[in-house]
Amino acid sequence: MVEVKAAVLTGPEKPFEIRSFPMPEVEKGAVLLKVEMASICGTDLHIYRGRRVVSYPSILGHEGVGRVYRMGEGVTSDATGNPLREGDRVIFSHVIACGKCYYCVVRQDPQGCLNRKYYGYASCKDPPHLNGTYAEYIYLSPGTPIFKVPDNLSNEVVSPATCALITMIEGLETVKVELADNVVIQGAGALGLYGIALAKEMGAYKVIVVEQSDFRIRQALEFGADHVIDLKEYRTPEERVKRVKELTGGFGPDLILECTGSPSVIAEGLEMGRDPSRYLLIGTASEAGLVSINPTRITLKRMRLYGGKAAAVHHINLLKALRFLERHVDKYPFDKIISHKFRLEEVNEAVQAMERREVGKAALRP
Ligand SMILES: [Zn+2]
Ligand SMILES: [Zn+2]
């Protein structure tokens, strides 16, 4: 029997185990992908540490690129109608709404779906088991939207985009970057870097990044940030707010994006915004503690706060991400978002290196 290796998490803070599963038969409408790259998301680190609970045992990995290995009966094209063949390089949507609940049917808002099906977050106890990208193969059940990847996009460019870029596309289309907006981005991880590229292409005037890591500051500048406020230089919130005001004609930014995952920056973001401004909170996706804020900054400055979260369930975002990358891959160093690559067997080293912030973003090559 042919076996497939996968990295399995058996509980919070337990090391990943490499386990073997039988190569599944492919049912009607399903697709089996050979995983070429699986990037590690910040969410995976939260799951690993137990800050976000999943059903164990679980094959993590919701980001990735693969090649079609087997197609079930009836599969002839990708989600856009492009003919699909074995060997094609594809991405897939890692969240599927049920189509039947209150949110899906009445609200027509699949992001609120009460019975979402996930890849990379669910139990792998039952066959066909292979439901995450930290594996040699992933089994895509019937109904999973699949998109062919344009030839000019490398796996390094596409893999991290399958989560962070689509999250940022949804967020920025919600808050709307208006022509000549001054934009402050708190944090230059993958979300923040995509935020720079998208904000500029959507018409921003100045993009100002607030960051502390030298590695990420360099990346932000390579992505075309107009200014970087280095936390090592501007040490207090007051100094940073003052600097942001100086850079925005004394008023403060029109739009602020929280991309750090650290709620401690929110009070500072509220101080920065001009009257009135928009503030998108999109980085903090796991329980990270309480913060105190000054509510008059919201009321008296008429600030509008928006919450954003992962948006793969809006499958159109995957198409937008691929088209955006296809057009702008030569303009921004998207291929540098993945800074280190590891073999599947090195998954524990990869996760720990990311946690210690020794690497920008890591990817597995099963
Ligand atoms: Zn993710
Ligand atoms: Zn639903």
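For clarity, every value in this text was computed on a predicted model and none was experimentally measured.

Time to look at the coordination of the zinc ion (ligand 2). At the metal site, the zinc ion (ligand 2) is ligated by Cys98 (SG), Cys101 (SG), Cys104 (SG) and Cys113 (SG), and these contacts range over 2.3 to 2.4 Å. Taken together, the 4 donor atoms surrounding the zinc ion (ligand 2) define angles of 104 to 119° at the centre, an arrangement classified as tetrahedral. Here the donor residues of the zinc ion (ligand 2) are spaced in sequence according to C-x2-C-x2-C-x8-C. Highlighted residues: Cys101 in the loop between strand 7 (95-96) and helix 2 (102-107) and Cys113 in the loop between helix 2 and strand 8 (117-118), separated in sequence by 12 residues. Taking the relative accessible area as the measure of exposure, Cys101 reaches 8% and is therefore buried. Look at Cys113 and you get buried, because its relative accessible area is 1%.

On to the coordination of the zinc ion (ligand 1), then. Ideal geometry at a metal centre: 109.5 degrees between donors when four sit tetrahedrally, and 90 or 180 degrees when six sit octahedrally. In this structure, Cys41 (SG), His62 (NE2) and Cys163 (SG) serve as the protein donors to the zinc ion (ligand 1), at separations of 2.0 to 2.3 Å. Linear spacing of the donor residues for the zinc ion (ligand 1) on their chain is C-x20-H-x100-C. Placement of the pair is Cys41 in the loop between strand 3 (31-39) and helix 1 (42-48) and Cys163 in helix 3 (residues 155-175), with a sequence separation of 122 residues. Accessibility expressed as a relative area gives 9% for Cys41, which makes it buried. According to the relative accessible area criterion, Cys163 is buried, its value standing at 7%.

Turning to the domain arrangement of the protein, a few remarks are in order. Interfaces are frequently sized by the accessible area removed from exposure as the parts join. What the domain assignment lists for the protein is domain 1 (3-149 + 333-365) and domain 2 (164-307). Domain 1 puts 12 residues into the contact, and the matching count from domain 2 is 13 residues. Around 1100 Å² of area is buried between domain 1 and domain 2 when both sides are counted, 60% of it from carbon and sulfur atoms. Linking domain 1 with domain 2 are 1 salt bridge, by the criterion used here.

Right, let's talk about the packing of aromatic side chains for a bit. Counted under the stated rule, the structure contains 11 aromatic pairs. Between the aromatic rings of Tyr69 and Tyr137, the centroid separation amounts to 4.9 Å while the plane-to-plane angle is 65°, which identifies the pairing as edge-to-face. Highlighted residues: Tyr69 in strand 5 (residues 65-71) and Tyr137 in strand 9 (residues 137-140), separated in sequence by 68 residues. By relative accessible area, Tyr137 is classed as buried at 9%. Taken together, a centroid distance of 5.5 Å and an interplanar angle of 80° make the contact between Phe92 and Tyr119 edge-to-face. Here Phe92, found in strand 6 (residues 89-92), pairs with Tyr119, found in the loop between strand 8 and strand 9; they are 27 residues apart in sequence, far enough to count as distant. The exposure classification of Phe92 matches that of Tyr119, with both residues buried. Here a set of aromatic residues connected by ring pairs shows up, and it is made of Tyr194, Phe223, Phe324, Tyr332 and Phe334. The cationic tip of Arg52 hangs over the ring face of Tyr121; the distance from NZ or CZ to the ring centre is 4.9 Å.

Quick look at the sheet that holds strand 11 (residues 183-186) now. The 6 strands lie next to each other as 13-12-11-14-15-16, forming an open sheet whose pairing is parallel. Single-partner strands in this sheet number two, and they are strand 13 (227-230) and strand 16 (304-307). Averaged over neighbouring strand pairs, the angle between their axes works out to 15° when direction is ignored. Strand direction decides the pairing type here: strand 15 (residues 278-281) and strand 16, joined by 4 bridges, are parallel. Pairing of Tyr279 across the sheet is with Leu305, part of strand 16. Across the face of the sheet, helix 5 (residues 214-222) comes into contact with strand 12 (207-211) and strand 13 while running at roughly 170° to strand 13.

In this section: the nonpolar core. The biggest cluster of nonpolar side chains holds 51 residues, and the ones touching the most others in it are Leu165, Met168, Leu172, Tyr194, Ile196, Leu257 and Phe334. Contributing elements (two or more residues each) for this core: helix 3, strand 11, helix 4 (190-201), strand 12, strand 14 (255-258) and helix 9 (316-328). Considering each element in turn, this core owes the most residues, 10 residues, to helix 3. The residues that make up this core include at least three from each of domain 1 (3-149 + 333-365) and domain 2 (164-307). When near neighbours in sequence (up to four residues on either side) are disregarded, Leu172 contacts Val177, Gly195, Leu198, Ala199, Met202, Leu255, Leu257 and Leu280.

Neighbouring strands of a sheet are bound in pairs by backbone hydrogen bonds; such pairs are parallel or else antiparallel. Spatial ordering of the open sheet is given by 2-1-4, a layout of 3 strands whose pairing is antiparallel. Here the strands that pair on one side only, and so sit at the sheet edges, are strand 2 (17-22) and strand 4 (58-59). The sheet contact formed by strand 1 (residues 3-9) and strand 2 spans 6 bridges and is antiparallel. Across the sheet, the residue bridging to Ala6 is Arg19, located in strand 2.

This part takes up the side chain of Lys301. Among the secondary structure elements, Lys301 is positioned in the loop between helix 8 (296-299) and strand 16. One buried charge, Lys301, has no salt-bridge partner; the nearest side chain with opposite charge is Glu271, at 5.5 Å. There is a polar contact of 2.7 Å between the side chain of Lys301 and the backbone oxygen of Leu270. Among the polar contacts made by the side chain of Lys301, one reaches the main-chain carbonyl oxygen of Glu271 at a distance of 3.0 Å. Once you skip the residues sitting within four places of it in the chain, Lys301 turns out to touch Leu270, Glu271, Met272, Gly273, Arg274, Asp275, Pro276, Ser277 and Thr296.

Rules of the game
Residues numbered from 1 in each chain as written. Chains lettered and ligands numbered in written order. Predicted model: local features only at pLDDT ≥ 70, side-chain atom pairs only at ≥ 80, totals over all residues. Heavy atoms only, no water. Donors = N, O, S within 2.8 Å, 3.2 Å for Na, K, Ca; no water. Tetrahedral: all angles 85-135°; square planar, octahedral: opposite > 155°, others 65-115°. Helix = DSSP H or I, 4+ residues; strand = E, 2+ residues; numbered from the N terminus. Buried < 20%, exposed > 50% of the residue type's maximum accessible area, 1.4 Å probe, protein only. Domains from an automatic or database assignment. Contact = heavy atoms within 4.5 Å. Buried area = accessible area lost by both parts, 1.4 Å probe. Salt bridge = Lys/Arg side-chain N within 4 Å of Asp/Glu carboxyl O. Phe/Tyr/Trp six-rings, centres within 6.5 Å; stacked < 30°, edge-to-face > 60°. Lys NZ or Arg CZ within 6 Å of the ring centre and 35° of its normal. Pairing = 2+ DSSP bridges. Axes fitted to C-alpha atoms, helices over the stretch in contact; angles between N-to-C directions. Core = buried A, V, L, I, M, F, W, Y, C linked by side-chain atoms within 4.5 Å. Lys, Arg positive; Asp, Glu negative; His and termini not counted. Polar contact = N/O pair within 3.5 Å; in protein donor to acceptor, adjacent residues only side chain to side chain.

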